[in-house]
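# Remarks on the overall topology
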2 protein chains.
Amino acid sequence: MPNPPTIKEIAKRLNLATSTVSRALHNHPRIGLKTRMQVQALARELQYEPNQTAIFFQQKKTFTLGIVLPELSEAFFSAAISGIEDTANKSNYMVLLGQSHDDTAREQKIVEIMKNHRVDGLLVSLAKNTVQYAHFEMLRKYNIPVVFFDRIPDMKDIHYVASNMESGTVQAVSLLLQQGHRVIGMINGPEKLIASRQRTTGYQKAMQQQRLKYDATLNIHSDLTKEGTRQAMQQLLSHKRKITAVVAFNDYVSQDAVQYAAERGIQINKDICFVSYANLPLSSYMAYPPLASVEQYPYLQGQKATEILLDLLSGKLAPDAYQQVIIDSRLVIAPKK
Amino acid sequence: MPNPPTIKEIAKRLNLATSTVSRALHNHPRIGLKTRMQVQALARELQYEPNQTAIFFQQKKTFTLGIVLPELSEAFFSAAISGIEDTANKSNYMVLLGQSHDDTAREQKIVEIMKNHRVDGLLVSLAKNTVQYAHFEMLRKYNIPVVFFDRIPDMKDIHYVASNMESGTVQAVSLLLQQGHRVIGMINGPEKLIASRQRTTGYQKAMQQQRLKYDATLNIHSDLTKEGTRQAMQQLLSHKRKITAVVAFNDYVSQDAVQYAAERGIQINKDICFVSYANLPLSSYMAYPPLASVEQYPYLQGQKATEILLDLLSGKLAPDAYQQVIIDSRLVIAPKK
DNA sequence: AAAATTTGCGCAACCGTTTGTCCAGCTGTT
DNA sequence: AACAGCTGGACAAACGGTTGCGCAAATTTT
């Protein structure tokens with residue numbers, strides 16, 4: 001047999017109408033028991049499998065979720081996608097993948113292609129410097145729901161799941177203060193990122209709680225590249241006040257900062273303590289694991305975002321019942337060595 | 001406009017046949033310049049986008065590649081998929097994802113679903129304990145080409161890309177021998193895995209080259225779980241000959257082994273040196289990075305496998321011209337601390 | 001100027017499935 | 001016996017696009 005058996009084939013062999021066969025296979029009550037059995041038997045024998053592309057076309061539904069995210073090789077995203085895929089699969093959805101590589105143009109192209117592929121919905125984590133959202137607005141016209149996660153846009157009326165860095169940051173800074181640190185540097189991300197602002201706010205609140213003054217010059221905004229981090233660290237080290245602790249934007253930044261500091265002869269976790277945000281797995285294996293780390297639950301975020309999207313698709317959730325889920329970040333203190 | 005514009009819509013407005021519109025949009029030479037321009041102008045105006053699901057159905061082609069792999073959150077695989085996605089995208093293919101979680105049943109189900117989704121081809125890295133390949137054999141009947149990568153099956157007549165652990169292992173063991181180690185333990189993987197056998201062969205060859213005797217009791221096969229690793233390490237530590245170096249199956253195993261050894265009061269990289277295979281990123285940040293690490297080039301493997309699959313699909317490569325690409329692994333020596 | 005080609009476009013089938021509607025025959029009611 | 005109500009299945013349209021073929025008009029060839 002060169003080409004797979006179709007419903008027509010079955011109909012012809014049994015001298016039935018294709019509609020009858022179709023209904024028989026779906027256990028439609030209007031089809032008599034005898035014919036139903038016949039059809040199903042022959043279907044099994046021929047190893048009939050419905051042609052999904054035909055069904056997709058006919059039903060205008062593909063049971064496919066599009067995922068757009070910056071970089072798969074970042075541990076955070078691969079954990080998130082793991083959660084997405086697991087959740088989607090439970091509802092028999094498949095997952096179509098696209099990496100923006102933090103390039104807005106690529107992001108736009110991927111969204112366009114996914115739209116044409118008629119994905120039923122989209123899960124998106126923005127490219128670092130995406131500031132225009134026309135390619136997402138457009139999807140409304142096509143009734144393709146979008147749920148953003150982690151890197152969410154500054155738009156009204158969207159669904160999203162994100163972790164609030166503020167709570168974790170408050171906890172992190174509080175921990176440091178409690179341990180006696182008074183001059184705490186922060187290597188923060190680009191100012192326009194919401195996550196950066198949350199870190200700043202968290203820092204401020206923690207200080208405020210202890211009636212301490214927030215010093216903005218200790219909060220350095222970097223571009224998160226290795227070079228940027230090194231410059232930020234340099235600034236912190238040459239600050240007129242002597243810093244004894246650093247809150248780094250994430251583990252990658254933290255490790256780069258640690259490296260830079262170590263090169264300058266600084267004793268890690270002695271002269272300067274580091275607190276970070278967990279992006280790396282197995283931080284327990286690291287040479288200088290941060291004192292503590294703010295966990296962002298990427299798998300959970302992916303899972304939750306997918307659940308929302310599926311509910312949107314099944315109609316369990318109205319399209320304009322905008323879901324905005326905040327997953328509180330939480331400080332996890334590293335076990336004492 | 002509730003539903004997107006179709007080719008029929010354009011035809012009606014312009015009083016043309018749908019066939020003419022279709023051809024005009026494809027710049028078919030038999031369509032006059034004037035009508036062609038009209039059609040294209042209106043298409044732009046209406047923001048016409050072809051309905052891909054209709055095209056997929058009609059053309060029996062989806063421009064979609066299925067990827068089946070064990071675990072996205074393993075760094076090796078997320079790097080590989082990154083290479084796959086990048087390469088596929090260059091040829092305007094999309095990528096459909098499925099994780100087997102090292103469960104053969106799930107692997108089978110995913111392959112089944114992907115077949116029904118009519119992916120044009122499949123890229124597969126096997127689940128740890130998959131030993132029956134019926135679900136892949138079946139794909140031949142449907143003319144869905146498969147390219148395996150990294151974890152490849154023991155089948156005849158398949159396409160695959162894999163790294164040869166032998167060369168890297170020879171280099172690794174040779175390095176240890178050269179440094180004076182004589183009793184070298186190996187924590188190997190399940191015996192049926194090709195990659196395990198390659199490591200064994202590599203070990204043997206390196207010994208042979210120095211006219212040394214290979215001691216099979218130093219080569220422990222484990223199941224790669226943390227517990228299995230600890231048991232293996234225990235065996236090695238209680239070996240009658242005192243080992244001074246260990247070659248671990250991969251970085252995860254290596255780290256577990258290191259941990260176990262450290263608990264037993266062993267001085268890492270002093271009493272016992274470790275050499276491993278690179279699965280983890282940023283090994284330079286690890287507390288006890290292996291002395292050296294065998295690099296397997298996951299991104300490259302993904303890329304190469306995808307190229308083969310695409311060539312198969314485009315007909316550049318005959319389906320029975322079985323491609324079996326071996327990417328030599330290479331020992332990378334860690335920079336001295 | 002007649003014949004041969006080329007140009008430009010329409011007609012209709014087709015891909016595989018679902019689903020609304022119609023119809024024939026049987027059963028049962030009065 | 002006539003009529004209504006079921007039952008079980010057939011018919012055909014529709015989803016949106018592609019493509020082989022046919023045919024008239026325009027153009028070129030001899």
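Cut-offs and rules
- Residues numbered from 1 in each chain as written.
- Chains lettered and ligands numbered in written order.
- Predicted model: local features only at pLDDT ≥ 70, side-chain atom pairs only at ≥ 80, totals over all residues.
- Heavy atoms only, no water.
- Contact = heavy atoms within 4.5 Å.
- Buried area = accessible area lost by both parts, 1.4 Å probe.
- Salt bridge = Lys/Arg side-chain N within 4 Å of Asp/Glu carboxyl O.
- Polar contact = N/O pair within 3.5 Å; in protein donor to acceptor, adjacent residues only side chain to side chain.
- Pairing = 2+ DSSP bridges.
- Helix = DSSP H or I, 4+ residues; strand = E, 2+ residues; numbered from the N terminus.
- Axes fitted to C-alpha atoms, helices over the stretch in contact; angles between N-to-C directions.
- Phe/Tyr/Trp six-rings, centres within 6.5 Å; stacked < 30°, edge-to-face > 60°.
- Buried < 20%, exposed > 50% of the residue type's maximum accessible area, 1.4 Å probe, protein only.
- Lys NZ or Arg CZ within 6 Å of the ring centre and 35° of its normal.
- Parallel < 35°, antiparallel > 145°, perpendicular 65-115°, else oblique.
- Left-handed = near helix turned anticlockwise from the far one by under 90°.
- Nonpolar A, V, L, I, M, F, W, Y, C, P; charged D, E, K, R; others polar.
- Expected span 1.5 Å × (residues − 1).
- Core = buried A, V, L, I, M, F, W, Y, C linked by side-chain atoms within 4.5 Å.
- Near = heavy atom within 4 Å.
- Domains from an automatic or database assignment.
- Right-handed = clockwise from strand over helix to strand, strands pointing away.
- Arc of directions from axis to C-beta.

## Quick word on the interface of chain B and chain A
Listed per partner, the contact involves 54 residues of chain B and 54 residues of chain A. Both faces combined, the contact of chain B with chain A buries some 4,700 Å², and carbon together with sulfur accounts for 54% of it. Residues A:Asp86 and B:Arg106 are paired through a salt bridge, measuring 3.7 Å at the closest nitrogen-oxygen approach. Counting across the interface, chain B meets chain A through eight residue pairs in polar contact (both at pLDDT 80 or more).

## Things to note about the sheet that holds strand E12 (residues 330-333) of chain B
All names here are of chain B. Strand order in this open sheet of six strands is E7-E6-E8-E9-E10-E12, and the pairing throughout is mixed. The sheet terminates laterally at strand E7 (219-221) and E12, the two strands that pair on one side only. Strand-to-strand, the axes of this sheet are offset by a mean angle of 20°, without reference to chain direction. Running over the sheet, helix H8 (residues 165-178) touches strand E6 (184-188), strand E8 (245-248), strand E9 (273-277), strand E10 (292-295) and E12 and is turned about 40° from E12.

## Regarding the packing of aromatic side chains
Here the structure, examined in full by the defined rule, presents nine aromatic pairs over all chains. With centroids separated by 5.2 Å and ring planes inclined at 55°, the aromatic side chains of B:Phe63 and B:Tyr93 adopt a geometry described as tilted. Of this pair, B:Phe63 sits in the loop between helix H4 (52-59) and strand E1 (64-69) while B:Tyr93 sits in the loop between helix H5 (75-90) and strand E2 (94-99); the two residues are 30 residues apart in sequence, bridging distant segments of the chain. A relative accessible area of 33% means that B:Phe63 is categorised as partly exposed. Look at B:Tyr93 and you get buried, because its relative accessible area is 7%. One Lys or Arg, A:Lys61, reaches over the ring of A:Phe63 and ends 4.1 Å from the middle of that ring. The ring of B:Phe249 has B:Arg199 sitting right over it, with the charged end atom 3.7 Å from the ring centre.

## So, the packing of H5(B) against helix H12 (residues 298-314) of chain B
All names here are of chain B. Two numbers describe how H5 lies on H12: the axes approach to 7 Å, and their chain directions differ by 40°. With respect to their mutual orientation, H5 and H12 come out oblique. Considering only the axes of H5 and H12, their crossing is right-handed. Contacts between H5 and H12 involve Phe76, Ala79, Ala80, Ser82, Gly83, Ile84, Asp86, Thr87 and Ala88 from the first element and Pro298, Tyr299, Gln301, Gly302, Gln303, Thr306, Glu307 and Leu310 from the second. For the contact of H5 with H12, the residue count by class is eight nonpolar, seven polar and two charged.

## Quick look at the sheet that holds strand E6 (residues 184-188) of chain A
Residues and elements named next belong to chain A. Sheet architecture is open: six strands sit in the order E7-E6-E8-E9-E10-E12, paired in mixed fashion. The sheet is open, and its two borders are formed by strand E7 (219-221) and strand E12 (330-333), each paired with just one other strand. Averaged over all pairs of adjacent strands, the angle between their axes in this sheet comes to 20°, without regard to strand direction. Taken together, the three bridges between strand E8 (residues 245-248) and strand E9 (residues 273-277) define a ladder with parallel strand orientation. Its bridge partner lying in E9, Val247 is registered against Val275. Across the sheet, helix H9 (residues 194-209) lies against E6, E7 and E9, angled at about 170° from E6, the strand it touches most.

## Observations regarding helix H6 (residues 104-116) of chain B
Residue and element names in this part refer to chain B. For H6, spanning 13 residues, the distance from its first C-alpha to its last is 18 Å, which sits close to the expected 18 Å at 1.5 Å a residue. Those residues of H6 lying buried are Thr104, Glu107, Ile110, Val111, Ile113, Met114, Lys115 and Asn116. Its side-chain oxygen 2.9 Å from the backbone nitrogen of Ala105, Asp103 forms the N-cap of H6. Among the residues trailing H6, Arg118 stands out with phi positive, at a value near 60°.

## Details of the nonpolar core
Membership of the largest hydrophobic core comes to 50 residues, with the highest contact counts inside it found for A:Leu97, A:Phe149, B:Leu97 and B:Phe149. Contacts of B:Phe149, omitting those with residues within four sequence positions, involve B:Leu69, B:Phe77, B:Ala80, B:Ile84, B:Leu123, B:Val124, B:Ser125, B:Val161, B:Gln301 and B:Ala305. Membership of the second largest hydrophobic core comes to 46 residues, among which are A:Val119, A:Phe136, A:Ile152 and B:Val146.

## Regarding the protein's contact with DNA strand D
In the neighbourhood of DNA strand D, 29 residues make up the surrounding shell, with A:Thr20, B:Ile7, B:Ser19, B:Arg23 and B:Gln58 lying closest. Sugar plus phosphate, as a fraction of atoms of DNA strand D within 4 Å of the protein: 53%. A distance of 2.3 Å separates a phosphate oxygen of DNA strand D from a polar atom in the side chain of A:Thr20. B:Tyr48 has a polar side-chain atom sitting 2.8 Å from a phosphate oxygen of DNA strand D.

## Some details on the domain arrangement of chain A
One can read the domain layout of chain A as domain 1 (7-50), domain 2 (62-164 + 298-329) and domain 3 (165-295). Here domain 1 of chain A and domain 3 of chain A have C-alpha centroids that lie 66 Å from each other.

## Remarks on the side chain of B:Ser163
Residue and element names in this part refer to chain B. Structurally, the position occupied by Ser163 is in strand E5 (residues 159-164). For Ser163, a relative accessible area of 5% translates into the label buried. In this structure the side chain of Ser163 is engaged in a polar contact, spanning 3.3 Å, whose partner is the side chain of Gln301. Those residues in contact with Ser163, other than ones at most four positions away along the chain, are Asp150, Gln198, Gln296, Gln301 and Ile327.

## Quick notes on the pairing of strand E4 (residues 146-149) of chain B
All names here are of chain B. The alternating pattern of E4 places Val146 and Phe148 and Val147 and Phe149 on opposite faces, both of which are buried. Bridge analysis of strand E3 (residues 121-124) against E4 gives three bridges, and the strand direction is parallel. In the strand pairing of E4, Leu123 is matched with Val147. For the crossover from E3 across helix H7 (residues 134-141) to E4, the handedness is right-handed.

## Section: helix H3 (residues 33-46) of chain B
All names here are of chain B. Between the first and last C-alpha of H3 there are 20 Å, a value that for 14 residues agrees with the 20 Å anticipated at 1.5 Å per step. Every buried residue belonging to H3 is among Arg36, Val39, Gln40, Leu42, Ala43 and Leu46, and all of these are buried. The arc that holds the buried residues of H3, viewed along the axis, is 165°, so those residues lie on one side. Among the exposed residues of H3, those oriented more than 90 degrees off its buried face are Leu33, Lys34, Arg44 and Glu45. Of the surrounding secondary structure, the elements contacted by the buried residues of H3 are helix H1 (7-14) and helix H2 (18-25). Looking one or two residues beyond H3, the residue adopting positive phi is Gln47, at roughly 60°.

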